[in-house]
Amino acid sequence: MNLSLELKNFLLSEGATEAGFADITNFTPKKGLNIGVIFYITYPKEIIQNMQNAPTQEYVDELVSLNSRLDALGMKCEEFLINNGYDAYAQTKKRLGTDFGEFNSFELPHKTIATRAGLGWIGKSALFTTNEYGSALRMSSVLTDAPLDIGKPILKSKCGKCMECRDACLGGAISGKNWNYKLKRNDFYDDKKCEKYALKVSEENLGKADTVCGKCIFACPHTQKYIKKL
């Protein structure tokens, strides 16, 4: 069987909602590992449906659960590739341990791999966004030297004139400017304002300050389409 198809089927069978592959030759933090494997798991519809007054405790609990599942899936993907004779490095949260808004030079953002794999684009909220699920998902990735079939990169936003996430962000973190691959995150989104508001709203909703909010996830029309689908 084709290695790419075999790996994708493996990831889907292990719980991924979607998976893809990207050429990361110009971005890789690990020399020689020029292919990125990206995969994501969606939030259950019912959890996002209850996010009108985000964040909720069930959303936070699911976020933690998804991070754990994605780390486990990353390690299984790494093992799969190594067992097939290739080098691989899973970019798990446990290994990288970055905090909110922080960039680790040993890490290639999952979102970069995902857009290069053609799975979606970066929304005005700075969240990875897809036609099928909006931004109601979490991702992880693996770097490898395996010869996988790469997707066609998406290099600019598909948000158009939509301002739903900007209007929903009470912290004023979202400028409303459309992303393209040449922009840095802070060119269109202010992570400090996001963090400040998240700490405030999580204190109000959950009784403890945390860097979670989720209002922009709920507001995205693509997310709404997903959670309303029967």
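Residues numbered from 1 in each chain as written. Predicted model: local features only at pLDDT ≥ 70, side-chain atom pairs only at ≥ 80, totals over all residues. Heavy atoms only, no water.

Considerations on the packing of aromatic side chains
A complete count under the given rule lists 5 aromatic pairs for this structure. Ring centres 5.1 Å apart and planes at 80° place the aromatic pair Tyr133 and Tyr226 in the edge-to-face group. You can see Tyr133 sitting in the loop between strand E5 (128-129) and strand E6 (137-144) and its partner Tyr226 sitting in helix H9 (residues 221-228), a full 93 residues away along the chain. Ring-pair connections join several aromatic residues into one group, and the members of that group are Tyr40, Phe128, Tyr133 and Tyr226. A cation over a ring is seen here: Lys30 above Tyr89, with NZ or CZ 4.1 Å from the ring centre. (Phe/Tyr/Trp six-rings, centres within 6.5 Å; stacked < 30°, edge-to-face > 60°. Helix = DSSP H or I, 4+ residues; strand = E, 2+ residues; numbered from the N terminus. Lys NZ or Arg CZ within 6 Å of the ring centre and 35° of its normal.)

A closer look at the nonpolar core
Core analysis: the largest hydrophobic core is formed by 36 residues, its most contacted members being Leu7, Leu11, Val37, Phe39 and Leu81. Of all elements in the fold, only helix H1 (3-13), strand E1 (18-23), strand E2 (35-42), helix H2 (45-49), helix H3 (57-83), strand E3 (88-90), helix H8 (215-219) and H9 reach the threshold of two or more residues within this core. By residue number, the principal contributor to this core is H3, which donates 9 residues. For Leu81, the residues in contact, after removing those within four places along its chain, are Leu7, Val37, Tyr86, Ala88, Val142, Thr144 and Ala146. Residues Ile38, Tyr89, Leu137 and Tyr189 belong to the second largest nonpolar core, which totals 29 residues. (Core = buried A, V, L, I, M, F, W, Y, C linked by side-chain atoms within 4.5 Å. Buried < 20%, exposed > 50% of the residue type's maximum accessible area, 1.4 Å probe, protein only. Contact = heavy atoms within 4.5 Å.)

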